[in-house]
Amino acid sequence: MAGRINDDDVKAVRDAVPIDSVVSEYLQLRNAGGGNLKGLCPFHDEKSPSFQVSPSKGLFHCFGCQEGGDTIAFVMKIDHLSFSETVERLAAKAGITLRYEEGGYNPSHQRGERIRLIEAHQAAAEFYVRALESPEAEIGRTFLAERGFDQDAAAHFRVGYSPAGWDHLTRYLRGKGFSDKELITSGLSQDGRRGPIDRFRGRLMWPISDTAGDVVGFGARKLRDDDNGPKYLNTPETPIYKKSQVLYGIDLAKKDIAKASRAVVVEGYTDVMACHLAGVTTAIATCGTAFGNDHIKILRRLLMDNGSARVIFTFDGDAAGQKAALRAFEDDQKFAAETYIAIAPDGMDPCDLRLVKGDDSVRDLVEPRTPLFEFALRQIVGRYDLETPAGRAAALDEAAAVVAKIKTSSVQREVAVQLAGLVGILDQEFVVHRVAQLARWARDKGGERGGRGGPRGGRDPRGGAPQQAAPAPAFSGPALNLRSPAHRTERELLKLALQKPALVSPAFDAYGVDEFTAPPYAAVRQCIEEAGGAEQGVVDDRAYLGAVLDAAPDNTVRNLVTELAVEVFHGKSIDETYAGMHLVHVRLRAVDRRIADVQSSLARLGTNVAPQDLAAAQNEVWVLQQYAQTLRAHGAAAL
């Protein structure tokens, strides 16, 4: 096994890789105020952003699902990596060479599985790119040229060629130090009669990258008539490649998708290339599977679900393309963005359209025109003979069931009115009533509970604002009453101690754990004490927060620490005056509670208290009352 990574190197990795740059590889972040950023949480479904990142603290926290932590914790969670794999990956990004406590530098065969598989794919991608220049690959270069892609285009998309022999890539990767087990696990090789052989042979190769830009698989296109395999052959399911969770071109398109709040979904690798080369740099494609729920999650995190976002589907005009469009409509309401469909009048895909009519025609194709819901209803209604009463009734029954799935009643009614016009039924209220009836039946049968994704907010398919679902609770641990002024003040003081320790130090470090009445807040105060107090945060902010997190006894307290470390303050000016006010309020309440406790004890004991104990208690009450008056009169100066 590899030795333990040197602690100083782990700290160097944390400091060298900004958390906002890492998180931005997976979702769009926007200003949340107070120096923080916000976005849609990648760890649970939500309609409005509750995921916050604090670049200055190097922490993230989701106020919806309570996930939180530092850069390492984020990458571990989102990419399902071990701690050492994550540190190795981030170290490579930062150019940091890691040291190991046992055995010095880490030899390549000791690296984590995911990193090894990604390295194998990176080496394979480079091998395929070089192979495209070989005489054997002339057929591949011709294929690209016939579709309007020159050498520069192939290089931009890293298109390559897999030699036709049995084990060219396998032998090459063995020479790079990869084991047969790693090659089989990666999907780059497969078992042959005499050992591993190349999975892809004599094909044009497109590397498929994840959102972070790591190559995780390949799409391979048949070139020769004697190739008995399918037209397109993709990497099989592996530990790093799940076809339902990857989008071809997402690594190239993600920044423009976030910037333009627009995504164009096409059907193939050459369509993505054609769109990008024509200036539509937000184009992406699925990889051998239908556009589904996991793909929606990827896009939603980039689009941020704002009301002006657009998703345009460019399915082929044939029967298969229409079927794909209807499948996409099934998941339409999972977007807050407007969804449209774009089909060229002559049914050509973007690649053919660019070849025949040029770049302008591709750009024109993807301009939003037909809402997806309207297209879907037209496709359904178009299958029936609307000249007959029976045909109209059958069309209404099928289409009304689709409209009934729209969760927002006002939108449902408006679309039902449009459906009446499509079917040719003059009595619009009859259609509206029919749709509402089907919706009620679905709810009564548990459709709201058992449907895909469960209860969720709807949206106007023409681009209205999202209908928000009920907000998730802000804290999943012990009960907190945030209506309580005491709890609100304690929370704000802990935020100051974690985010701006210089404003409350050294006074805060004299506060006892018992001065925090909410058990979760008392637990956080204890963690700060064990980390050396807020005074440590003045010396080294990052190390201080790490020590507080390390002191947390469980994930509940740890999550609360990250929550408080990134939550925006309630005040407008966060300065010494603001900090002093909260220090005083927490101390005053603690003093008042102590006075009440002593007086209550004396009342219970009555005449049974010894004279010396009575005098001591009365003296304590007098001292506390004087201290309380001083605090009220002089504020933080009296602490």
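Residues numbered from 1 in each chain as written. Predicted model: local features only at pLDDT ≥ 70, side-chain atom pairs only at ≥ 80, totals over all residues. Heavy atoms only, no water.

Caption draft 1: Inspection of helix H19 (residues 428-444) at higher detail. With 17 residues, H19 extends 25 Å between its outermost C-alpha atoms, agreeing within 8% with the 24 Å of an ideal straight helix rising 1.5 Å per residue. The inward-facing, buried residues of H19 abut helix H17 (389-403) and helix H18 (409-423). (Helix = DSSP H or I, 4+ residues; strand = E, 2+ residues; numbered from the N terminus. Expected span 1.5 Å × (residues − 1). Contact = heavy atoms within 4.5 Å.)

Caption draft 2: Structural view of the pairing of strand E4 (residues 59-62). Residues of E4 alternate between two faces, with Leu59 and His61 on one and Phe60 and Cys62 on the opposite face, all of them buried. Bridge count for strand E3 (residues 51-54) against E4 is four bridges, and the pairing is antiparallel. Paired with serine 54 across the strands is leucine 59, a residue of E4. Counting the residues in the hairpin turn of E3 and E4 gives four residues, including glycine 58, whose phi is positive at 70°. Sheet topology note: the E4/strand E5 (residues 68-70) ladder contains three bridges and is antiparallel. Of the residues in E5, the one forming a bridge with histidine 61 is glycine 68. (Buried < 20%, exposed > 50% of the residue type's maximum accessible area, 1.4 Å probe, protein only. Pairing = 2+ DSSP bridges.)

Caption draft 3: Fine view of the pattern of salt bridges. A complete count under the given rule lists 29 salt bridges for this structure. For arginine 114, the salt bridge is made with aspartate 210, and the minimal N-O distance between the two is 3.2 Å. Here aspartate 210 lies in the loop between strand E9 (203-209) and strand E10 (215-222) and arginine 114 lies in helix H5 (residues 113-131), a separation of 96 residues in the sequence. Of the two residues examined, arginine 114 and aspartate 210, each falls in the buried class. Bridged by salt links that share partners, the residues Arg491, Glu492, Lys495, Glu563 and Glu567 form one connected network. (Salt bridge = Lys/Arg side-chain N within 4 Å of Asp/Glu carboxyl O.)

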